[in-house]
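Analysis of the macromolecular model
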Amino acid sequence: DIDIHLATDREKNLAARLMATSEPWITLGRDEAMCKNICHDPEFFLYMAHCNNYPAGIILLDPRGVAGSPYIKSIAVYPEFRGKGIGTKLLSFAESLFRDRSRHIFICVSSFNQRARKLYEKNGFQVVGELKDYIIQGASEILMYKGL
């Protein structure tokens, strides 16, 4: 059973730690302090998924991210919950949250993060652009889109 709700301040700190200790943020050089600033930024909506009352994953949303359309800024699932549908549930949650307000939703995935890219493609996202050497040299950020 999965419950998704707006993150509390404590959960925002947990989310920052999760991000800083997971890919792609490790490779991208995003430490916990940087992640904490992003998680606490009032411009974004951070949601925490719980599975059987345990934190299972997060999704960070920018409601006006790409040309006024919602953008999934970050998504992360705790290692012990990976492969159990939490990522899919979080993506579906974001889509349903914005479906009445937008016809589009976007996400970026790092070129080296193949597992995440497969998840997004499996959930209907399509590649619409590539930003080479955007965050770090030798890696691209792949912009993906889905119609709502």
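Values in this document were obtained by computation on a predicted structure and should not be read as measured data.

Description of the environment of Lys89
One can find Lys89 in helix H4 (residues 86-98). The spacing of Lys89 and Glu23 is 66 residues in sequence and 20 Å in space, taken between C-alpha atoms. Dropping the residues within four chain positions of it, Lys89 is found in contact with Ile2 and Ile4.

Overview of the layout of surface pockets
Estimated volume of the largest pocket: approximately 990 Å³. What lines the largest pocket is a set of 40 residues, and nearest its centre among them are Pro24, Ile75, Asn113, Ala116 and Tyr120. Breaking the lining of the largest pocket down by element, the ones donating at least two residues are helix H2 (25-28), helix H3 (32-39), strand S4 (69-77), H4, strand S5 (104-110), helix H5 (114-122) and strand S7 (140-147). The leading source of residues in the lining of the largest pocket is S4, at seven residues. Its residues assigned to classes, the lining of the largest pocket shows 23 nonpolar, eight polar and nine charged.

A look at the side chain of His50
As for its position among the elements, His50 is in strand S2 (residues 45-51). A residue is classified by how much of its surface remains accessible, and His50, at 13% relative accessible area, is buried. Dropping the residues within four chain positions of it, His50 is found in contact with Asp1, Ile2, Asp3, His5, Glu11, Pro55 and Ala56.

Description of the packing of aromatic side chains
For any two aromatic rings, the description comes down to two numbers: the centre-to-centre distance and the angle of the planes. For the structure on display, the rule yields three aromatic pairs. Look at Phe106 and Tyr145: their rings are 5.4 Å apart centre to centre, the planes differ by 50 degrees, and that puts the pair in the tilted class. Taken together, the positions of Phe106 in strand S5 and Tyr145 in strand S7 put the pair 39 residues apart, joining distant regions of the chain. Relative to Phe125, the ring of Tyr120 has its centre 6.3 Å away and its plane inclined at 65 degrees; by these criteria the two rings are edge-to-face. An identical accessibility class is assigned to Tyr120 and Phe125; each is buried.

What counts, and where the lines are drawn
Residues numbered from 1 in each chain as written. Predicted model: local features only at pLDDT ≥ 70, side-chain atom pairs only at ≥ 80, totals over all residues. Heavy atoms only, no water. Helix = DSSP H or I, 4+ residues; strand = E, 2+ residues; numbered from the N terminus. Contact = heavy atoms within 4.5 Å. 1 Å grid on protein atoms, 1.4 Å probe; cavity = no way out; pocket = protein on both sides within 12 Å on 5 of 7 lines; lining within 4 Å. Points joined across faces, edges and corners; volume = space filled by probe spheres on them. Nonpolar A, V, L, I, M, F, W, Y, C, P; charged D, E, K, R; others polar. Buried < 20%, exposed > 50% of the residue type's maximum accessible area, 1.4 Å probe, protein only. Phe/Tyr/Trp six-rings, centres within 6.5 Å; stacked < 30°, edge-to-face > 60°.

Function cannot be read off these values alone, since they describe shape.
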